[in-house]
Amino acid sequence: MSIDDKEQQAGVYDGAMMVRLLGYTRPYRASVVGAVALVILSSLLQLVGPLATAVALDLFIRPGEVEAPVSRWLAEHWLAVRAIDPAAGLALVAGVYLLTLVLTSLVLYFQGLVMQMMGQRIMADLREEIFAHLQRLSIAYFDRHPIGRLVTRVTNDVDALNELFTAGLVSIFGDVVLLGGIVLALFWLDWRLALATFAILPLLLGLSIWFKVRARQTYRRVRLKLARINSFLQEHLTGMSVVQLFGRERATASDFGHINDEHRVANLQAIFYYAVYYPMVELITALGIGLILFYGGGKVMGGALSLGVLVAFLQYAQRFYQPLADLSEKYNILQSAIASSERVFGLLDTEPTIADVEDPWRPESIRGAVELDDVWFSYEEGEPVLRGVSFRLEPGETVAIVGHTGAGKSTLANLLLRFYDVDSGVVRIDGRDVRHWHLGDLRRAIGLVLQDVFLFSGTIADNIRLGEEGLGDAAVEEAAREVHAHEFIARLEGGYGAAVQERGSGLSVGQKQLIAFARALAFDPRILILDEATSSIDTETEQLIQRALGRLLAGRTNLVIAHRLSTIQHADRILVMHKGELREQGTHRELLAADGIYARLHQLQYRDTRSLG
Ligand SMILES: Nc1ncnc2c1ncn2[C@@H]1O[C@H](COP(=O)(O)OP(=O)(O)OP(=O)(O)O)[C@@H](O)[C@H]1O
Ligand SMILES: [Mg+2]
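Everything numeric in this text was worked out from a predicted model, so none of it was measured.

K.L.:
Just checking my understanding: could you explain the overall build of the protein chain for this structure?
P.N.:
A count of helical and extended segments in the protein chain gives 22 helices and 12 strands. Over its C-alpha trace the protein chain gives a radius of gyration of 37 Å, far above what one expects of a compact globule, namely 25 Å for 613 residues. Counting only C-alpha atoms and orienting by the principal axes, one finds that the protein chain spans roughly 120 × 50 × 50 Å. Classification of the 613 residues of the protein chain by burial places 46% in the buried group. Partitioning the intrachain contacts of the protein chain with sequence separation of at least 6 by distance along the chain shows that 77% fall at a separation of at least 24. Only carbon and sulfur atoms are counted for the fraction: they give 58% of the accessible area of the protein chain, which is about 31500 Å².

This is how it looks when you write it as structure tokens:
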């Protein structure tokens, strides 16, 4: 909502923004120069037609006393012109007229081509830049910015910017050149008639301003409603199973109906203004033409003006009013492009809060010691999630972390991997503050298997390898065999080449878990963090996972966030988190004997699982 509101306020022309935007044309300077040259050329060519008409009328069709300045100029500079046979002269002028038309079309074609090609290149550049930047941003940024919005930045907003380059700037420049040329031509032909032509401009201007303001408001409203439709769709399509499970189809459809209606109404309003504006422009244009006809025609009849000039004026007037009427719409394009660029640059200017320090620590080898020293942390200011947590893991040790939901277990993993930074205290790996580590090295040293396994669309092998080229097919299969994932993968149609649908929807929870194990094993980290899935799985898969786990944990420092007793069995030691504090630690027996939180948790959570004996 907030961003949409901001968009409502945005709209002040911003020079600095414009300069920054134009910076993107720098790699394509030749295209810019070419486009500008072609625009000027096409504007000049468009001036020729009416002048040619005047010459044809004055010199060949109806030679008389009064002549257009252009005809007089031609006769002075090319003396032979009066001697030409009128029929031949007429053919000559018609030929020139036709030639300029053909040339204009050609120039317009190349002008469009050059600008579109440049616009497309700039868009591709921008999208790449935005995506690269998004990948650098800290996880905290993605907590606060809905994915739908970010997707809009990369797609729609960049599209709007393209309009600025292709439809906006260059064509406005072209219009200005053309208008300037016409004004000069009109004054040259007859300054009094020129003033009469401009008499309707205040009317046209007033109408344009009215339209500009109204159209912008309604256009914004349409986009606001469209954004609402999009986010509603995204949310409900993702959550379709919940909608159907609880039989919410009817209610959801009616909600959608409301939003859809609002969008329709907003669109109708926008259409109304367009429907009024363009006929009004026609009317005012007709008024202008009528004025020229009346005033100029009178002068022609009185012998004060040549017929050629009058006809040229009528042609010019059409070409003059049209771009003026279009300007207000182009201004709107410009405005929305500027609003888009504001949002895009806002994103590009967001610095990642978590980045490498200067000259970061890049160890040759990693032992795998983990230490938290009086760590305090909060996602939201003033709501600490970890309160003075301290513990150590010796290299090669396996420690289980247990605790109620929301106790802060997954948060520990986030801090070790430096997805977030501590508020106070220190997290150390091998005795070094993680904030001094090279981020890439740190994250390569630590493997993480998440509660909710994320699979990308692609093949099974792709999902184990994750684009790491050093991992050949043999290494992938080896890793899969080790964690007992090979059996089920081999049974899939296509084996390792089997396609994984988005988010791995074709696989069971246990299968996804095993793929995640294979992935972690293939990357062979010194330290492994396992955030176990809370959901219960069947006994067979459970046994499979436990066997795989044994292999995965071997020879590493392991921090296992455990929800199942069977997993805790692997641990040397157990840490008990409670409301952000580390409250108990020891072996299973010690903790049971202490009869504290662990003992209660054990009773509640694990009593159904088979006993440790
Ligand atoms: N990205 C986030 N932004 C804000 N608050 C968060 C975020 N992630 C977690 N929290 C809050 O921090 C607290 C600890 O969350 P955490 O995920 O560490 O719990 P957990 O112990 O892993 O729970 P579970 O067993 O359910 O996985 C919770 O109160 C949670 O609401
Ligand atoms: Mg968790």
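K.L.:
Quick question: what am I supposed to make of the pattern of salt bridges here?
P.N.:
Any two side chains of opposite charge can pair, given that their charged atoms come close. Across all of its chains, the model carries 22 salt bridges by this definition. A salt bridge links aspartate 159 to arginine 127; the nearest nitrogen and oxygen atoms lie 3.5 Å apart. Residue aspartate 159 is found in helix H7 (residues 147–189), and its partner arginine 127 is found in helix H5 (residues 86–136); the two are separated by 32 residues along the sequence. Given the relative accessible area of 39%, aspartate 159 is considered partly exposed. Taking relative accessible area as the criterion, arginine 127 reaches 27% and is therefore assigned partly exposed. Two residues, arginine 428 and aspartate 373, come together in a salt bridge whose shortest N-O distance is 3.6 Å. With arginine 428 in strand S4 (residues 424–429) and aspartate 373 in strand S1 (residues 370–378), this residue pair connects regions lying 55 residues apart in the sequence. Among the residues examined, arginine 428 registers a relative accessible area of 21% and is labelled partly exposed. Judged by relative accessible area, which is 32%, aspartate 373 ranks as partly exposed. The network of salt bridges with common partners includes Glu371, Asp373, Arg392, Glu394 and Arg428.

K.L.:
Quick question: what am I supposed to make of the side chain of glutamine 546 here?
P.N.:
Structurally, the position occupied by glutamine 546 is in helix H19 (residues 539–553). Among the polar contacts made by the side chain of glutamine 546, one reaches the side chain of histidine 570 at a distance of 3.1 Å. Setting aside its immediate chain neighbours within four residues, glutamine 546 contacts Arg564, Ser566, Thr567 and His570.

K.L.:
Looking at this structure, I do not really get the packing of helix H18 (residues 509–523) against H19. What am I missing?
P.N.:
Axes are the key here: two packed helices are described by the angle between their axes and the distance separating the axes. Closest axis-to-axis distance for the H18/H19 pair is 10 Å, and the angle between their directions is 10 degrees. Judged on the interaxial angle alone, H19 and H18 are roughly parallel. Residue-level contacts link Gly510, Gln513, Leu514, Phe517, Ala520 and Leu521 of H18 to Thr541, Leu544, Ile545, Ala548, Leu549, Arg551 and Leu552 of H19. Grouping the amino acids of the contact of H18 with H19 by side-chain chemistry returns 9 nonpolar, 3 polar and 1 charged.

K.L.:
It is not clear to me how the sheet that holds strand S5 (residues 432–433) should be interpreted in this structure. Could you clarify?
P.N.:
The sheet built from 4 strands is open, its strands ordered S2-S1-S4-S5 with antiparallel pairing. Of all the strands in the sheet, the pair left with one neighbour each is strand S2 (384–393) and S5. By the bridge criterion, 2 bridges tie S4 to S5 in an arrangement that is antiparallel. Counted as the bridge partner of isoleucine 429 is arginine 432 from S5.

K.L.:
I'm lost on the domain arrangement of the protein chain in this one. Help?
P.N.:
You'll often see interface size given as the accessible area lost when the parts meet. Taken domain by domain, the protein chain holds domain 1 (2–348) and domain 2 (370–454 + 504–606). A straight line from the C-alpha centre of domain 1 to that of domain 2 covers 59 Å.

K.L.:
I would appreciate a short explanation of the packing of helix H16 (residues 473–482) against H18 in the present structure.
P.N.:
Here H16 crosses H18 at 125 degrees, and the two axes come no closer than 8 Å. Between H16 and H18, the angle is such that the two are oblique. Relative to H18, the crossing made by H16 is right-handed. Here Ala479, Ala480 and Glu482 of H16 come into contact with H18, specifically with Ala518, Leu521 and Ala522. Of the residues belonging to the contact of H16 with H18, the class tally is 5 nonpolar, no polar and 1 charged.

K.L.:
What's the story with the site of ligand 1 in this structure? I'm lost.
P.N.:
Surveying the vicinity of ligand 1 reveals 14 residues, the closest of which are Thr405, Lys409, Ser410, Thr411 and Gln451. In the environment of ligand 1, a nitrogen atom lies 3.0 Å from a nitrogen or oxygen atom belonging to the side chain of aspartate 143. A distance of 2.9 Å separates an oxygen atom of ligand 1 from a polar atom in the backbone of glycine 408. Summarising the interface, the protein chains cover 66% of the accessible area of ligand 1, which totals 630 Å² for the free molecule. Here the element with the most residues in the shell around ligand 1 is helix H13 (residues 409–416); it accounts for 3 residues.

K.L.:
Just checking my understanding: could you explain a nonpolar patch on the surface for this structure?
P.N.:
Nonpolar side chains collect at one region of the surface, where Leu98, Leu99, Val102, Leu103, Leu106, Tyr109, Phe110, Leu113 and Met117 lie side by side and expose about 860 Å² of accessible area between them. On the secondary structure map, leucine 98 appears in helix H5.

K.L.:
I would appreciate a short explanation of the environment of valine 427 in the present structure.
P.N.:
Looking at where valine 427 falls in the secondary structure, it is placed in strand S4. For valine 427, a relative accessible area of 3% translates into the label buried. When the C-alpha positions of valine 427 and valine 375 are compared, they lie 7.3 Å apart, and in sequence the two are 52 residues distant. Filtering out sequence-adjacent residues up to four positions away, valine 427 remains in contact with Glu371, Leu372, Val375, Leu415, Leu416, Val422, Arg432, Asp433 and Val434.

K.L.:
Got a minute to help me understand the nonpolar core in this structure?
P.N.:
Where a protein is soluble and globular, its nonpolar side chains tend to be buried together. Counting 46 residues, the largest nonpolar core has Ile460, Ile464 and Phe517 as the members making the most contacts within it. Broken down by element, the residue count for this core peaks at 8 residues, all from H18. Among all residues touching isoleucine 460, those that are not within four sequence positions of it are Ile489, Leu492, Gly495, Tyr496, Ala498, Val500, Leu507 and Ile515. Residues Ala56, Val281, Val309 and Ala317 belong to the second largest nonpolar core, which totals 45 residues.

Rules used in this analysis
Residues numbered from 1 in each chain as written. Chains lettered and ligands numbered in written order. Predicted model: local features only at pLDDT ≥ 70, side-chain atom pairs only at ≥ 80, totals over all residues. Heavy atoms only, no water. Helix = DSSP H or I, 4+ residues; strand = E, 2+ residues; numbered from the N terminus. Rg over C-alpha atoms; globule rule 2.2 N^0.38 Å. Buried < 20%, exposed > 50% of the residue type's maximum accessible area, 1.4 Å probe, protein only. Contact = heavy atoms within 4.5 Å. Areas by Shrake-Rupley, 256 points an atom, 1.4 Å probe, with all protein chains shown as cover. Salt bridge = Lys/Arg side-chain N within 4 Å of Asp/Glu carboxyl O. Polar contact = N/O pair within 3.5 Å; in protein donor to acceptor, adjacent residues only side chain to side chain. Axes fitted to C-alpha atoms, helices over the stretch in contact; angles between N-to-C directions. Parallel < 35°, antiparallel > 145°, perpendicular 65-115°, else oblique. Nonpolar A, V, L, I, M, F, W, Y, C, P; charged D, E, K, R; others polar. Pairing = 2+ DSSP bridges. Domains from an automatic or database assignment. Left-handed = near helix turned anticlockwise from the far one by under 90°. Near = heavy atom within 4 Å. Patch = residues over 30% accessible without salt bridge, like charges linked within 9 Å, V, L, I, M, F, W, Y side chains within 5 Å. Core = buried A, V, L, I, M, F, W, Y, C linked by side-chain atoms within 4.5 Å.

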